[in-house]
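# A structural walkthrough
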Amino acid sequence: DGGAEAAPMTGVTQVAAKDNRFSPAAIQVPAGTTVTWTFEDGLIPHDVKGDSFSSGEPRRDGSFTHTFDQPGTYPYRCTLHDGMTGRVVVTES
């Protein structure tokens with residue numbers, strides 16, 4: 001797992017916020033795909049913040065979803081933890 005700079009994994013639509021990182025940190029999906037982030041770090045809260053999407057208040061459990069309709073690269077981060085970053089690469093459907 002090379003973090004957000006790693007080659008994106010395909011065939012994955014779920015990302016876990018766990019162990020102070022996003023896993024997998026980089027995914028590639030076709031346009032129109034809904035990605036789900038699950039918060040699995042126990043007592044440590046996280047959030048998901050990108051330029052055009054946000055999970056809102058940091059949380060310790062549950063999930064957040066966002067549908068990516070337009071091709072492009074969408075970096076995101078946890079605003080509470082420096083270096084906890086990820087990206088979604090959206091391709092033509």
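These remarks concern the structure in this document. (Residues numbered from 1 in each chain as written. Predicted model: local features only at pLDDT ≥ 70, side-chain atom pairs only at ≥ 80, totals over all residues. Heavy atoms only, no water.)

### Describing the environment of Arg-21
You can see Arg-21 is positioned in strand E3 (residues 21-23). It is 16 Å that separates the C-alpha atoms of Arg-21 and Val-35, two residues lying 14 residues apart in sequence. (Helix = DSSP H or I, 4+ residues; strand = E, 2+ residues; numbered from the N terminus.)

### Notes on the nonpolar core
Buried together is how nonpolar side chains tend to be arranged in soluble globular proteins. Ranked by internal contacts, the top residues of the largest apolar core, which has 20 residues, are Phe-22, Trp-37 and Val-88. If you list the elements that add at least two residues to this core, you get strand E2 (14-18), strand E4 (26-30), strand E5 (33-39), strand E7 (63-68), strand E8 (72-77) and strand E9 (85-91). Counting residues per element, this core draws most heavily on E5, which supplies three residues. (Core = buried A, V, L, I, M, F, W, Y, C linked by side-chain atoms within 4.5 Å. Buried < 20%, exposed > 50% of the residue type's maximum accessible area, 1.4 Å probe, protein only.)

### A few points about the packing of aromatic side chains
Counting across every chain of the model gives eight aromatic pairs. Geometrically, the ring pair formed by Phe-68 and Tyr-74 is tilted, given 5.1 Å between the ring centres and 55° between the ring planes. Residue Phe-68 is classed as buried on the basis of its relative accessible area, which comes to 1%. Residue Tyr-74 is classed as buried on the basis of its relative accessible area of 18%. What links up through ring pairs into an aromatic cluster is the set Phe-22, Trp-37, Phe-53, Phe-64, Phe-68, Tyr-74 and Tyr-76. (Phe/Tyr/Trp six-rings, centres within 6.5 Å; stacked < 30°, edge-to-face > 60°.)

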